[in-house]
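# Results of the structural survey
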Amino acid sequence: MKTGEDARGEGSTGPQKLGLCVLCGLPAAGKSTFARALSHRLQQERGWAVCVVAYDDVMPDAFLREASARPLPSQWKLLRQELLKYLEYFLMAVINGCQMSAPPDRTEAMWEDFITCLKDQNLISSAACEAQSCYLLTKTAVSGPLFLILDDNFYYQSMRYEVYHLARKYSLGFCQVFLDCSLETCLQRNGQRPQALPAETIHLMERKIEKPNPEKNAWEHNSLTIQSPACSPEASLKLTDLLLTALENPVKCVEDNVEQKETDRITCSTNILHQADQTLRRIVSQTMKEAKDAQVLPYNLKLLAEELNKLKAEFLEDLRQGNKKYLCFQQTTDIADVISSFHYEKDNTVQKYFSKQH
């Protein structure tokens, strides 16, 4: 196993290093404060991109306003799994180097909060995308090591194993940090919060919590317990080494799932194809309107429409077949490249018909 000292920074070659860190502990143990401080330190000292996903901030607000409105445990489980699906969509976009699409089945309020979370941390662009329900990744998200820190109680081992499974599926780094805080301190902090949890909820969670157990579970070997509220310099060094080691030693798939990787590639390609189709349709429609406004003769309008639709079909076929005629790129073409190339060919075609007017 490579140690943390072997980790490379931004100047490294090879695939982008990606990691998932599960931050777990009782409510009011100081996880959110710890996550923000860790994110700032990793960005300043290591130059990494960091995404802190605080489950309390992303879960639907309607469920969090009052205790009586909170969903049943079975509903929470479904929401947690849905949030993991959002994370998977983001990771697929980063790994495949394409735009992130929105899941067809989603809880709108939770998806919007997730998107806001990514935008606030400069991982997806706030600029409008040509196609609806797609999001452009920023340079920050794809230019160097990226660590996702998931901030929640994760009091059951099974909750954390779902994240580990995601890491294994995409061969990501994985580690766990348990913030150990006394029940008394958690209760005191919780009582000072504007939207405090019922004390019995924290008592119940303290009795049920399953701390990381590397000796029992091999998948939990990259785990660290840190005392809260204090974090000693020694613990800080151990934490840095834990994260570096996780990045350098991604979880290996049980088997190289070529079929899954191909499915992900096709999903990404299909997403770009759909975006291109919708965008090129709008460009053709707008061009025809401009031609009519310029009083191009009806017969020439008919010929122009035929040529533009043929050009659009050829561009889409290029994307399906691997970019052979107009789009000379070795890898999946970005939608912006498709639009730019289409505009160039379209302008050459249109010019012939506009010049016939003179």
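Structural notes, computed from the coordinates. The model shown is predicted, which means the values in this text are computed figures rather than measured ones.

## Thoughts on the side chain of Asp 152
- Inspection of the secondary structure puts Asp 152 in the loop between strand E5 (146–151) and helix H6 (157–169).
- In contact with Asp 152, not counting residues within four places along its chain, are Leu 23, Cys 24, Gly 25, Lys 31, Tyr 55, Asp 56 and Arg 80.

## With respect to the sheet that holds strand E2 (residues 49–54)
- What the five strands build is an open sheet, ordered E2-E5-E1-E6-E7; its pairing is parallel. Of all strands in the sheet, those bounded by a partner on one side alone are E2 and strand E7 (223–227). Taking the axes of each pair of neighbouring strands and ignoring which way they run, one obtains an average angle of 20 degrees across the sheet.
- Bridge analysis of strand E1 (residues 18–24) against E5 gives six bridges, and the strand direction is parallel.

## Describing the pairing of E2
- Burial runs high along E2: six of the six residues are buried.
- Along E2, one buried face is formed by Ala 49, Cys 51 and Val 53 and the opposite face, lined by Val 50, Val 52 and Ala 54, is buried too.

## Some points on the pairing of E5
- Within E5, six of the six residues are buried, which leaves the element mostly enclosed by the surrounding structure.
- The alternating pattern of E5 places Leu 146, Leu 148 and Leu 150 on one face and Phe 147, Ile 149 and Asp 151 on the opposite face, and all of these are buried.
- Pairing between E2 and E5: six bridges, direction parallel. Bridging across to E5, Ala 54 finds its partner in Asp 151.

## Regarding the packing of helix H1 (residues 31–46) against helix H9 (residues 233–248)
- Two elements in contact, H1 and H9, have axes separated by 12 Å at closest approach and are oriented at 70 degrees. By the angle between their directions, the pair H1 and H9 is classed as roughly perpendicular. Within the contact between the two elements, H1 uses Phe 34, Leu 38, Arg 41, Leu 42 and Arg 46 and H9 uses Ser 236, Leu 239, Thr 240, Leu 243 and Leu 244.
- Residues of the contact of H1 with H9, tallied by class, amount to six nonpolar, two polar and two charged.

## Digging into the nonpolar core
- Core analysis: the biggest nonpolar cluster contains 58 residues, and Val 53, Phe 90, Met 100, Phe 114 and Phe 174 have the highest contact counts within it.
- Of all the elements, helix H3 (residues 73–96) adds the most residues to this core, at 11 residues.
- One finds Ala 35, Leu 38, Phe 147 and Leu 242 within the second-largest nonpolar core, a separate group that totals 22 residues.

## Quick notes on the packing of aromatic side chains
- Under the criterion given, the structure shown has 13 aromatic pairs.
- Between Tyr 86 and Phe 114, the ring centres sit 5.7 Å apart and the planes meet at 40 degrees, which makes this aromatic pair tilted. With Tyr 86 in helix H3 and Phe 114 in helix H4 (residues 108–120), the pair connects residues that are 28 residues apart, well separated along the chain. The residues Tyr 86 and Phe 114 share a single accessibility class, namely buried.
- Relative to Tyr 135, the ring of Trp 111 has its centre 5.9 Å away and its plane inclined at 65 degrees; by these criteria the two rings are edge-to-face. In this pair, Trp 111 sits in helix H4 while Tyr 135 sits in strand E4 (residues 134–135), placing the two residues 24 residues apart along the sequence. The two residues Trp 111 and Tyr 135 agree in class, both being buried.

## So, unusual backbone geometry
- Although it is not a glycine, Ser 171 adopts a positive phi angle of roughly 55 degrees.
- Tracing the sequence through the fold places Ser 171 in the loop between H6 and strand E6 (173–180).
- Classification of Ser 171 by relative accessible area gives partly exposed; the value is 34%.
- Here Gln 295, not a glycine, exhibits a phi torsion of approximately 60 degrees, which is positive.

## Things to note about H4
- In a regular helix each residue adds 1.5 Å, so 13 residues correspond to 18 Å; H4 covers 18 Å between its end C-alpha atoms and thus fits that length.
- For H4, the set of buried residues is Met 110, Trp 111, Phe 114, Ile 115, Cys 117 and Leu 118. Burial along H4 is one-sided: seen end-on, the buried residues are contained in an arc of 155 degrees.
- Two residues or fewer past H4, Asn 122 is found with a positive phi of approximately 60 degrees.

Conventions we followed
Residues numbered from 1 in each chain as written. Predicted model: local features only at pLDDT ≥ 70, side-chain atom pairs only at ≥ 80, totals over all residues. Heavy atoms only, no water. Helix = DSSP H or I, 4+ residues; strand = E, 2+ residues; numbered from the N terminus. Contact = heavy atoms within 4.5 Å. Pairing = 2+ DSSP bridges. Axes fitted to C-alpha atoms, helices over the stretch in contact; angles between N-to-C directions. Buried < 20%, exposed > 50% of the residue type's maximum accessible area, 1.4 Å probe, protein only. Parallel < 35°, antiparallel > 145°, perpendicular 65-115°, else oblique. Nonpolar A, V, L, I, M, F, W, Y, C, P; charged D, E, K, R; others polar. Core = buried A, V, L, I, M, F, W, Y, C linked by side-chain atoms within 4.5 Å. Phe/Tyr/Trp six-rings, centres within 6.5 Å; stacked < 30°, edge-to-face > 60°. Expected span 1.5 Å × (residues − 1). Arc of directions from axis to C-beta.

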